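Secondary and tertiary structure notes
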Amino acid sequence: MRTTTKHRKHLTRAAAVGAVALAAFSLSPAAATARPAATPGGDGEPSATVVGGTRAQQGQFPFMVRLSMGCGGSLLTKDVVLTAAHCVDGSGPDTSITATAGVVDLRDPAAVKVRSTEVVQAPGYDGQGKDWALIKLAKPIDQPTLAIAKDDTYNKGDFTIAGWGADREGGAQQRYLLTAQVPYVDDVTCKSAYPDLVEGEELCAGRMDTGGVDTCQGDSGGPMFRKDDAGQWVQVGIVSWGDGCARPGKPGVYTEVSTFASDIQAAADQLG
Ligand code: ARG
């Protein structure tokens, strides 16, 4: 049963990692457990990866971070991770999060693991839009960082997504980093799928006609990115939410990074 009547703002992040996601619009990180039995298509879809992707090569996306609460993230600086607001509990000192970086295989002994010291959740975050947060790390991670889009120049075209989240609705979290490409979906089209889309703060991507490729539970907080005109990766989105995963007509919704670029930069500068 789709819970399309439920409004996103009534849904908050589950307190416990691994909590059962009963709502199709769940923002819960790693809410990858089985959906209700009546979920259409939940188990019958072709299984691939992110959903519909392939394994990333070691070093291909060196800015990718896995966070211990079951989210993704990206290195904004060597000691600040950009993730989703719904992946964290609020702002302030926080040593509870471990960031894993430098590997595609989370069990690789070469993985670099660093604890958090402080979290900044987007000011005014209430479950609709503004889905960004920063995590300060106890020490720098020696990997390349990912630049964020400063304006809307790159908010179009084909985007790359990556994460260790579920490879299908209700699927398990992944050991290996998965990646796929998703096309931009314009706001008008996306608003028709999701009436409560916050157009200025959210950016949609996915295959409207066929579905089949998408981020999914546990990918939240991770980056959506593309090449800029100089051939450098630039982050345009943060994995936020969607109705199920990879359903036709239901694109993934991403935080529109360019909208918050100056806020994010200012917050990072304040973290020192
Ligand atoms: N909220 C999910 C998480 O916490 C991400 C869901 C993304 N869904 C989608 N259909 N693109 O991991």
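Residue numbering note: each chain is counted from 1, following its sequence as written. Whole-chain, interface and lining totals are the exception, using all residues; otherwise, since this is a predicted model, local features are given only for residues with pLDDT of at least 70 and side-chain atom pairs are given and counted only at 80 or more. The side-chain figures draw on all heavy atoms in the structure; neither hydrogens nor water molecules are used.

The protein chain is annotated in an unreviewed UniProt entry as Serine protease from Streptomyces albus.

Take the confidence of the model for the protein chain next. The pLDDT score gives, residue by residue, the confidence of the prediction method on a 0 to 100 scale. For the protein chain, mean pLDDT is 87; residues scoring 70 or higher make up 82% of the total. Across residues 1–24, where pLDDT falls below 50, the model places 62 contacts with residues more than four positions away in sequence or in other chains. Residues are treated as being in contact if the distance between any of their heavy atoms lies within 4.5 Å. Ignoring residues within four places in sequence, the model shows residues 30–48, a span with pLDDT below 50, making 45 contacts including any to other chains.

By definition here, a salt bridge exists when the distance from a side-chain nitrogen of Lys or Arg to a carboxyl oxygen of Asp or Glu is within 4 Å. Scanning all chains against the criterion turns up seven salt bridges. Across the pair Lys136 and Asp79 runs a salt bridge, and its minimum N-O distance is 3.1 Å. A residue pair is termed long-range when its members are at least 10 positions apart, and Lys136 in strand 8 (residues 133–137) and Asp79 in the loop between strand 3 (71–77) and strand 4 (80–83) qualify at 57 residues. For Lys136, a relative accessible area of 13% translates into the label buried. A single salt-bridge network, built from bridges that share partners, covers Glu169, Asp243, Arg247 and Lys250. The helix and strand labels rest on DSSP assignments: H or I over at least four residues marks a helix, E over at least two residues marks a strand, and numbering proceeds from the N terminus. Each residue is placed in one exposure class: buried if its accessible area under a 1.4 Å probe, protein chains only, is under 20% of its type's maximum, exposed if it is over 50%, and partly exposed if it falls in between.

Let's shift gears to the nonpolar core. To form a nonpolar core, buried Ala, Val, Leu, Ile, Met, Phe, Trp, Tyr and Cys residues must be joined to one another through side-chain atoms within 4.5 Å. Ranked by internal contacts, the top residues of the largest apolar core, which has 46 residues, are Leu67, Trp132, Leu134 and Ile135. Elements represented by at least two residues in this core include exactly strand 2 (64–67), strand 3, strand 4, strand 6 (98–101), strand 7 (112–121), strand 8 and helix 2 (257–271). It is helix 2 that contributes the most residues to this core, seven residues altogether. Once residues within four sequence positions are removed from consideration, Leu134 is found in contact with Leu76, Val80, Val81, Leu82, Glu118, Val119, Val120, Ile264, Ala267, Ala268 and Leu271.

In this section: the pairing of strand 11 (residues 178–185). Pairing between strands is defined by DSSP: at least two bridges between them are needed. Direction of pairing for strand 1 (residues 54–55) relative to strand 11: antiparallel, over a ladder of two bridges. From the neighbouring strand, Thr54 faces strand 11, where its bridge partner is Thr179. Pairing analysis gives six bridges linking strand 10 (residues 158–163) to strand 11, with the strands arranged antiparallel. Across the sheet, residue Ala162 finds its bridge partner in strand 11, namely Thr179. Two elements, strand 11 and strand 12 (residues 202–205), share two bridges in a ladder whose sense is antiparallel. If you follow Tyr184 over to strand 12, its bridge partner there is Ala205.

Residues in a regular strand point their side chains to alternate faces of the sheet. Burial analysis of strand 13 (residues 223–227) places four of its five residues in the buried class, the great majority of the element. Where strand 10 and strand 13 come together, two bridges link them in antiparallel fashion. Counted as the bridge partner of Thr160 is Phe225 from strand 13. Both strand 13 and strand 14 (residues 233–241) contribute to a ladder of five bridges, which runs antiparallel. The residue of strand 14 that forms the bridge with Lys227 is Trp233.

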